[in-house]
Amino acid sequence: MSGRLFTSPTFLGFDYLEQMLERAAKTVSDGYPPYNIEQLDQKTLRVTLAVAGFAMTDLQITQEDNQLVIRGRQNDDSQGRAFIHRGIAARQFQKSFVLADNIEVGDAWLDNGLLHIDLHRPQPEVRVKQIEISDGKRSARAMANTEIELPRPRRPRGTPAPGDN
């Protein structure tokens, strides 16, 4: 058995979905920062990350192809300070979420140490397309009407070009 998920020959064009699933499986998740994913309604999701201690300028949100990437980088301002105990570390992180093709990233805001990002899933339009069945002659006619530029035949050296006489 192959390592493919969609092994049925009736699944056509799902290679990209397998690649997305592989990418999601390879994403390292160390659990920091902790996050929630809520379904607000049928078309809206909200990702909330606990980013206490991070300012808006310390955070970056990007969409890279079908990945939502959230990065946080705090400046270590401990120089000149003497800690008896240091349990709050200036730590950087990167959290990635694989998005389906139809997911749109909406608003993002920081509130009381929580970073919220809304994701919208618009309802897909129902598409029905009638495919015409031809008798085979149509394809031949379409080929005859298509202009194809063929390479010019080479003349032996010294042979005059047509119209040079």
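Residues numbered from 1 in each chain as written. Predicted model: local features only at pLDDT ≥ 70, side-chain atom pairs only at ≥ 80, totals over all residues. Heavy atoms only, no water.

Heads up, the rule is: UniProt positions are given in the numbering used here, feature names are shortened, and annotations may be inferred rather than shown by experiment.
As recorded in an unreviewed UniProt entry, the protein chain goes by the name SHSP domain-containing protein, listed as coming from Sorlinia euscelidii. Among the UniProt annotations of the protein chain, the heading Sequence similarities (unreviewed entry) holds the following wording: "Belongs to the small heat shock protein (HSP20) family."

**Digging into the sheet that holds strand E5 (residues 93–98)**
To keep it simple, the criterion reads: Two strands qualify as a pair provided that DSSP identifies no fewer than 2 bridges between them. Secondary structure is summarised from DSSP: a helix means a run of H or I of at least four residues, a strand means a run of E of at least two, and numbering begins at the N terminus for each. Where helices are involved, their axes are fitted lines through C-alpha atoms of the stretch in contact, as for all axes, and angles between N-to-C directions lie from 0 to 180°.
In spatial order, the strands read E3-E4-E5; together these 3 strands make up an open sheet with antiparallel pairing. The outermost strands of the open sheet, each flanked by one partner alone, are strand E3 (59–64) and E5. Between one strand and the next, the sheet's axes are offset by a mean angle of 15°, whatever the strand orientation. Where E3 lies against strand E4 (residues 67–72), 6 bridges are found, and the strand directions are antiparallel. Bridge pairing in E4 places Glu64 opposite Gln67.

**Quick notes on the pattern of salt bridges**
Rules: Salt bridge, as used here, is a side-chain nitrogen of Lys or Arg placed within 4 Å of a carboxyl oxygen of Asp or Glu.
On inspection of all chains with the given rule, the structure shows 2 salt bridges. In this structure, Asp118 and Arg46 form a salt bridge, with 2.6 Å as the shortest nitrogen-oxygen distance. Taken together, the positions of Asp118 in strand E7 (residues 114–120) and Arg46 in strand E2 (residues 44–50) put the pair 72 residues apart, joining distant regions of the chain. For Glu64, the salt bridge identified is with Arg71, shortest N-O distance 3.1 Å.

**Side note on the side chain of Asp118**
In plain terms, the rule: Buried, partly exposed and exposed residues are distinguished by accessible area as a fraction of the type maximum, computed with a 1.4 Å probe on protein chains only: under 20%, between the cut-offs, and over 50%, respectively. Contact definition: two residues touch when any of their heavy atoms are within 4.5 Å.
Residue classification places Asp118 among the buried residues on the basis of a relative accessible area of 9%. Not counting residues within four places of it along the chain, the set of residues in contact with Asp118 comprises Leu40, Leu45, Arg46, Glu104, Val105, Gly106, Asp107 and Trp109.

**As for the nonpolar core**
General note: in soluble globular proteins, nonpolar side chains tend to be found buried as a group. Which entries qualify depends on this criterion: Residues grouped as a nonpolar core are buried Ala, Val, Leu, Ile, Met, Phe, Trp, Tyr and Cys residues, joined through side-chain atoms within 4.5 Å.
The biggest cluster of nonpolar side chains holds 16 residues, and the ones touching the most others in it are Leu49, Val51, Leu68, Ile70, Phe93, Leu115 and Leu119. Residue assignment for this core shows that the elements contributing at least two residues are E2, E4, E5 and E7. Once residues lying within four places of it in the same chain are set aside, the contact partners of Leu68 are Ile61, Thr62, Lys95, Ser96, Phe97, Leu99, Val105, Ile117 and Leu119.

**Let's talk about the sheet that holds E7**
Taken in spatial order, the 4 strands make up an open sheet running E1-E2-E7-E6, and their pairing is antiparallel. Strand pairing shows two members of the sheet lacking a second neighbour, strand E1 (35–41) and strand E6 (104–111), which therefore form its edges. When the angles between neighbouring strand axes are averaged without regard to direction, this sheet yields 20°. Note: E2 against E7, 7 bridges, orientation antiparallel. Across the sheet, residue Thr44 finds its bridge partner in E7, namely His120.

**Concerning the pairing of E1**
Of the strand pairs in this sheet, E1 and E2 are connected by 6 bridges, and their pairing is antiparallel. Bridging from a neighbouring strand, Ile37 pairs with Val47 of E2. Hairpin remark: E1 followed by E2, antiparallel, with 2 residues in the connecting loop.

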